[in-house]
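The residues making up each chain are set out below.
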Amino acid sequence: MRNIALTLMYDGTAYHGWQVQKRDVTVAETLEKALSQVVGHPVKCTGAGRTDAGVHAERYVANFRTTSTIPCDRLPLAVNSRLPGDIVVTKATAVPDDFNAIGSCLRKEYTYRIYNSRIRNAFLVNRVWFYPKKLDETIMQQAADHFVGTHDFACVRSVGTETKTTVRTVHYFTITRQGDMITCRVCADGFLYNMARAMVGTCVYASEGKLSPQDIPALLAGRNRTDAGPTAPPQGLYMTNLWYPIAGLP
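Fair warning: this is a prediction, and the values are worked out from it, not measured in the lab. (Residues numbered from 1 in each chain as written. Predicted model: local features only at pLDDT ≥ 70, side-chain atom pairs only at ≥ 80, totals over all residues. Heavy atoms only, no water.)

Let us look at unusual backbone geometry. The phi dihedral of Asn194 falls on the positive side, at around 65°, and the residue is not glycine. Topologically, Asn194 is positioned in the loop between strand E9 (181-188) and helix H4 (195-208). Even without being a glycine, Arg223 presents a positive backbone phi close to 60°. Mapped onto the elements of the fold, Arg223 is located in the loop between helix H5 (216-222) and strand E10 (237-243). For Arg223, a relative accessible area of 44% puts it in the partly exposed group. (Helix = DSSP H or I, 4+ residues; strand = E, 2+ residues; numbered from the N terminus. Buried < 20%, exposed > 50% of the residue type's maximum accessible area, 1.4 Å probe, protein only.)

Right under this line is the structure:
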């Protein structure tokens, strides 16, 4: 039985997130069906994280086990021929038996994109958060700086999956502007449910003057979700990088 890690990308617009669900079409379900056709037996994929409905991934990793002897360099083309155009496998890598796409991941990077213009862009529908009110990326960065480090992030966690602890380490949180596009990149050792989107929403609140960047430490200490900013819409969020202790993986 081989353990294979797949590197893939997907547009999450048509899917109800990554995780298999009873009634809604998901990325994992679609991928598993295509893999099963290729390897000739049922397949269960373990993904690097639970992305929500409408969230995208420029880089994502999932692993599965198979008795198939198809070489790894041939798997992507074989699977892609059975996948819809909005999911693409870019690489297949043989990994140790104890490798797990979520458990073996050292850290993750999400990127959130805000199109900050009075006029929306038709080509960016379902790709960004269209935000017509002027945002100050300098103030947003000041707020973002306070999230960096090891903290209890309960105040930016939505009710959802249960976790043993709400403490996480954020390695960096940068906010830059190029023209009308504001790009927010945040890297952490792990993310709570809706954590990245709530952090972005809190930085937007800071720009609007609804809270001060200097309020962030107190928000973190208070652990109250209602004190922080809103959860930004899903369509602006992308998983963009993953780190693993294995050569050949992102």
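If you look at the biggest cluster of nonpolar residues, it comprises 76 residues, and the most contacted ones within it are Leu8, Trp18, Leu31, Ile114 and Phe173. Setting aside residues no more than four positions away along its own chain, Leu31 makes contact with Leu6, Leu8, Trp18, Cys45, Val79, Leu83 and Val89. (Core = buried A, V, L, I, M, F, W, Y, C linked by side-chain atoms within 4.5 Å. Contact = heavy atoms within 4.5 Å.)

The next subject is the environment of Leu237. Its location among the elements puts Leu237 in strand E10. Spatially, the C-alpha atom of Leu237 lies 7.5 Å from that of Val128, the residues being 109 residues apart in sequence. Those residues in contact with Leu237 that lie beyond four places of it in its chain are Val55, His56, Tyr110, Thr111, Tyr112, Ala196 and Arg197.

What follows covers H4. Its 14 residues give H4 an end-to-end C-alpha distance of 20 Å, which sits within 8% of 20 Å, the value for a rise of 1.5 Å per residue. Taken across its 14 residues, H4 has 12 buried, putting it largely inside the fold. Within the sequence span of H4, burial applies to Met195, Ala196, Arg197, Ala198, Met199, Val200, Gly201, Thr202, Cys203, Val204, Ala206 and Ser207. (Expected span 1.5 Å × (residues − 1).)

On to the pattern of salt bridges. Considering all chains together, one arrives at 9 salt bridges under this definition. Between Glu58 and Arg113 there is a salt bridge whose closest N-O contact spans 3.0 Å. Residue Glu58 is located in strand E3 (residues 56-66), and its partner Arg113 is located in strand E5 (residues 107-115); the two are separated by 55 residues in the primary sequence. Using a relative accessible area of 37% as the deciding quantity, one classes Glu58 as partly exposed. The residue Glu208 makes a salt bridge to Lys210 at a minimum N-O spacing of 3.1 Å. (Salt bridge = Lys/Arg side-chain N within 4 Å of Asp/Glu carboxyl O.)

Counting buried positions over the 8 residues of E9 gives 6, a clear majority of the element. In the sheet, E5 pairs with E9 via 8 bridges, with the strands oriented antiparallel. When the bridges of E9 are listed, Ile114 appears paired with Ile182. Across 8 bridges, strand E8 (residues 167-178) lies against E9 in antiparallel orientation. Counterpart to Gln178 in the pairing with E9 is Met181. Between E8 and the antiparallel strand that follows it, E9, lie 2 residues; Gly179 among them carries a positive phi value of about 65°. (Pairing = 2+ DSSP bridges.)

Position of Arg2 relative to the elements: it lies in strand E1 (residues 2-10). When the C-alpha positions of Arg2 and Phe173 are compared, they lie 37 Å apart, and in sequence the two are 171 residues distant. In this structure Arg2 touches Phe64, Arg65, Thr66, Ser68, Thr69, Ile70 and Cys72, once residues within four positions along its chain are discounted. A distance of 2.8 Å separates the side chain of Arg2 from the backbone oxygen of Ser68, its partner in a polar contact. Of the polar contacts made by the side chain of Arg2, one reaches the backbone oxygen of Ile70; its length is 2.7 Å. (Polar contact = N/O pair within 3.5 Å; in protein donor to acceptor, adjacent residues only side chain to side chain.)

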